[in-house]
Amino acid sequence: MTDLQKSPLHDRHVALGAKMADFGGWDMPIQYAGVLQEHTAVREAVGVFDVSHLGKGVVRGASSGYTAVDFVNDRLTNDLRRIGPGQAQYTLCCDDATGGVVDDLIQYVRSEDEVFLIPNAANSSQVVSRLAADAPAGIEVEDLHTSLAVLAVQGPQSAKVVEQLGLPTSHDYMSFTNASWQDKPVIVCRTGYTGELGFELLPRWDDAGELWDAVLALGVTPCGLGARDTLRTEMGYPLHGQDLSLDITPVQARAGWAVGWKKERFWGRDALVAEKERGPRRLLWGLEALDRGIPRAHMTVLRDGAAIGEVTSGTFSPTRKVGIGLALLDPSVSEGDELVVDVRGRTTQVRVVKPPFVPSHVR
Amino acid sequence: MYPDDVKYTAEHEWVRASGTGDDAVLRIGITSYAQEALGDIVFVTLPAVGTEVEAGQSLGEVESTKSVSDVYAPLSGTVTARNEELDGAPELVNTDPYGDGWMIEIRPSAGIDAAMSSSTLLDASAYAVLTGGAES
């Protein structure tokens, strides 16, 4: 086994008795007290996640009037011209030839000459190297993976906690602001992966421990990546490597809302426009179990005994108390259809639904 | 440590004999090590009373938020009771794996004494070695 990388909070997780596991090459907490308790804390009160394993990168500079924003906008899918400095946006890095998804990420416009990126842990170096390889003179791409930590404070009471830390909370969803905590810089983002009101706090890597301690001292429940997965699945948010991948395009995954179709250029544009015009061969849907079965990734979905797709993510919904999942299904499937999932040789009835499975409270 | 009043399988079930003569049955559940590894248990599927089970066969499933695991029959026999409480409160397997979180009772076809002295069952210290003595 190769050595796993460690978050700056690693010792604290171990001391809290967390169960640790490999996430994209990082030894991260799956759970502390238990997934259900942590999930409920986020839905009903407030929890904090260490997601310092997430990648970080920055694109800076300009080249004869061609700015960092222009450069990123010509490569990643979403339309960066829809947002301005201080705002963030969900976007995709697609393979130029196939339109498959290299990674999904959040892009933060700091200024016309500086775009900050948070890709997934396992894909960060891919995103950074693809951008760096394509950068003209004057545009610099820097990997900041271990320069900044990320603490996600999520839940209906998250604003109160962030306020108690003396940090700003009044900015809009999908925006961010520079602040300081005990004279240390912290970027405060109104973002998250849970469907609840939430903030992602980005302190410097070495300042993360003290900030984490201060958050826990306010009574916030430490939450692991197990609860993060059940929370995001309830929202129908895709996870790269399962619901999005190099083999799954944004057209198939219904992530077309994160594609600036009117832009003249972005990686994968030709392949994706062509796929959109001819219609995708499969589409991502939500599945809701009608009995006690739980769909899990890679299980086969059947209609009248014939395979018509595959589950890409599945879990028990702690909020709804039923099995839920996401699945790539044949385009002939419609909302409300009742299908069958092969659960280890037995069948579970499921209904095709449009996620989210629980209402969003991000705003 | 693991309780001494039950025997263990390498697949992380426990077995406890109760009753005598014709009423003698084996109560079966999963160990504290198993429930800890599974995490929060959300569904338990168990066979109906009267089902014939064969040693080594899957007799049910335990689903947690993150995964599903089989529960294997430690010995051959007939199911005489299933823990109906688990239908509504599967978390009992987490909170009290050797008590209220029991799963089924079987009447072993080999008889209770032969069943409990089966070489496939481990005592608490052997099970602790098997699990690396890592019970928390």
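Residues numbered from 1 in each chain as written. Chains lettered and ligands numbered in written order. Predicted model: local features only at pLDDT ≥ 70, side-chain atom pairs only at ≥ 80, totals over all residues. Heavy atoms only, no water.

So, the packing of aromatic side chains
Residue and element names in this part refer to chain A.
Move 1: Going through the model one piece at a time under the given rule, you end up with eleven aromatic pairs over all chains.
Move 2: Plain terms: the ring middles of Y193 and Y237 are 5.9 Å apart, the flat faces sit at 15° to each other, and that makes the pair stacked. Here Y237 lies in the loop between helix 7 (225-235) and helix 8 (269-278) and Y193 lies in the loop between strand 13 (184-189) and strand 14 (198-203), a separation of 44 residues in the sequence. As far as burial versus exposure is concerned, Y193 and Y237 are alike and both buried.
Move 3: Considering the side-chain rings of W261 and F266, the 6.4 Å spacing of their centres and the 75° angle between planes classify their relative orientation as edge-to-face.
Move 4: Through a chain of ring-to-ring contacts, the aromatic side chains of Y108, F116 and F176 assemble into a single cluster.
Move 5: In this arrangement the basic side chain of R254 is found over the ring face of W285, its NZ or CZ atom lying 4.2 Å from the centre. (Phe/Tyr/Trp six-rings, centres within 6.5 Å; stacked < 30°, edge-to-face > 60°. Helix = DSSP H or I, 4+ residues; strand = E, 2+ residues; numbered from the N terminus. Buried < 20%, exposed > 50% of the residue type's maximum accessible area, 1.4 Å probe, protein only. Lys NZ or Arg CZ within 6 Å of the ring centre and 35° of its normal.)

What about the confidence of the model for chain B?
Move 1: Taken over all residues, the pLDDT of chain B has a mean of 91, while the share at 70 or more is 97%.
Move 2: The ipTM value of the predicted complex is 0.80, and its pTM value is 0.92. (pLDDT = per-residue confidence, 0-100.)

A word on the sheet that holds strand 3 (residues 25-30) of chain B
Residue and element names in this part refer to chain B.
Move 1: Spatially, six strands are ordered 1-2-3-9-8-5 in an open sheet, and the strand pairing comes out antiparallel. This sheet does not close on itself; its edge strands, each paired only once, are strand 1 (7-8) and strand 5 (52-53).
Move 2: In terms of strand pairing, strand 8 (residues 77-82) meets strand 9 (residues 104-108) through five bridges, oriented antiparallel. When the sheet's bridge partners are listed, V79 is paired in strand 9 with I106. (Pairing = 2+ DSSP bridges.)

Quick notes on the interface of chain A and chain B
Move 1: Contact with chain A, which involves 15 residues of that partner, is made by 18 residues of chain B.
Move 2: Of the roughly 1,500 Å² buried at the junction of chain A and chain B (both faces included), carbon and sulfur atoms supply 45%.
Move 3: Ranking the residues of chain A by area buried against chain B places A:R292, A:R296 and A:R344 at the top, with a combined share of 44%.
Move 4: For the pair chain A and chain B, the number of links is four salt bridges.
Move 5: Residue A:R296 pairs with B:E63 through a salt bridge whose shortest N-O separation is 2.6 Å.
Move 6: Summed over the shared surface of chain A and chain B, the number is 13 residue pairs in polar contact (both at pLDDT 80 or more).
Move 7: Taken together, the elements giving at least two residues each to the side of chain A that touches chain B come down to helix 2 (35-44) and strand 18 (306-317) of chain A.
Move 8: No other element matches helix 2 of chain A, which puts three residues into the side of chain A that touches chain B. (Contact = heavy atoms within 4.5 Å. Buried area = accessible area lost by both parts, 1.4 Å probe. Salt bridge = Lys/Arg side-chain N within 4 Å of Asp/Glu carboxyl O. Polar contact = N/O pair within 3.5 Å; in protein donor to acceptor, adjacent residues only side chain to side chain.)

What about the nonpolar core?
Move 1: Grouped together as the largest cluster of nonpolar side chains are 71 residues, with contacts concentrated most on A:L92, A:L167 and A:L201.
Move 2: The element that contributes the greatest number of residues to this core is helix 6 (residues 208-217) of chain A, accounting for five residues.
Move 3: The residues touching A:L92, leaving out its near neighbours within four places in the chain, are A:L76, A:T77, A:V101, A:D103, A:D104, A:L105, A:L244, A:P250, A:A255, A:A258 and A:V259.
Move 4: If you look at the next biggest cluster of nonpolar residues, it comprises 28 residues, including B:A24, B:L26, B:A34 and B:L38. (Core = buried A, V, L, I, M, F, W, Y, C linked by side-chain atoms within 4.5 Å.)

Digging into the domain arrangement of chain A
All names here are of chain A.
Move 1: Here chain A is described as being made up of domain 1 (5-51 + 148-235), domain 2 (53-146 + 249-278) and domain 3 (281-353).
Move 2: In this structure, domain 1 and domain 3 have C-alpha centres spaced 31 Å apart.
Move 3: Tallying the contact residues gives seven residues for domain 1 and nine residues for domain 3.
Move 4: Buried area between domain 1 and domain 3, summed over both chains or domains, comes out near 650 Å², and the portion from carbon and sulfur atoms is 66%.
Move 5: At the surface where domain 1 touches domain 3, the tally comes to zero salt bridges.
Move 6: Across the contact surface, domain 1 and domain 3 share four residue pairs in polar contact (both at pLDDT 80 or more).
Move 7: When contributions to the side of domain 1 that touches domain 3 are tallied by element, the ones reaching two or more residues are helix 2 and helix 7.
Move 8: With four residues, helix 7 is the single largest residue contributor to the side of domain 1 that touches domain 3. (Domains from an automatic or database assignment.)

Things to note about the pairing of strand 7 (residues 68-72) of chain B
Regular strands show a simple pattern: their side chains alternate between the two faces of the sheet.
Residues and elements named next belong to chain B.
Move 1: The sheet contact formed by strand 6 (residues 58-64) and strand 7 spans five bridges and is antiparallel. The residue of strand 7 that forms the bridge with E63 is V68.
Move 2: Counted along the chain from strand 6 to the antiparallel partner strand 7, the turn is three residues long.

Side note on the side chain of A:T249
All names here are of chain A.
Move 1: Locating T249 in the fold gives a position in the loop between helix 7 and helix 8.
Move 2: For T249, the side chain forms a polar contact with the side chain of E275, separated by 2.6 Å.
Move 3: Once residues within four sequence positions are removed from consideration, T249 is found in contact with T98, G99, G100, V101, L272 and E275.

Overview of the pattern of salt bridges
Move 1: If you walk through the whole model with that rule in mind, you get 26 salt bridges over all chains.
Move 2: A:R43 is paired through a salt bridge with A:E196; the nearest N and O atoms lie 3.0 Å apart. One end of the pair, A:R43, is in helix 2; the other, A:E196, is in the loop between strand 13 and strand 14, with 153 residues separating them in the sequence.
Move 3: Given a relative accessible area of 13%, A:R43 falls into the buried group.
Move 4: By relative accessible area, A:E196 is classed as buried at 6%.
Move 5: Each member of the salt-bridge network shares a partner with another, and the members are A:R344, A:R346, B:E61 and B:D70.

Structural notes on the environment of B:S69
Move 1: Counting through the fold element by element, B:S69 comes out in strand 7.
Move 2: The sequence separation of B:S69 and B:D100 amounts to 31 residues, and the corresponding C-alpha distance is 20 Å.
Move 3: Discounting residues that sit within four places of it in the chain, B:S69 has contacts with A:R344, B:L38, B:G60, B:E61 and B:V62.

A look at the sheet that holds strand 1 (residues 5-6) of chain A
Residue and element names in this part refer to chain A.
Move 1: Here we have three strands laid out as an open sheet, ordered 1-3-2, and mixed in their pairing. Strand pairing shows two members of the sheet lacking a second neighbour, strand 1 and strand 2 (19-23), which therefore form its edges.
Move 2: One ladder, built from five bridges, connects strand 2 with strand 3 (residues 26-31); its direction is antiparallel. Residue A21 lies in a different strand from strand 3, and its bridge partner there is M28.
Move 3: The sheet contacts of helix 7 involve strand 2 and strand 3, and relative to strand 3 the element is tilted by about 70°. (Axes fitted to C-alpha atoms, helices over the stretch in contact; angles between N-to-C directions.)

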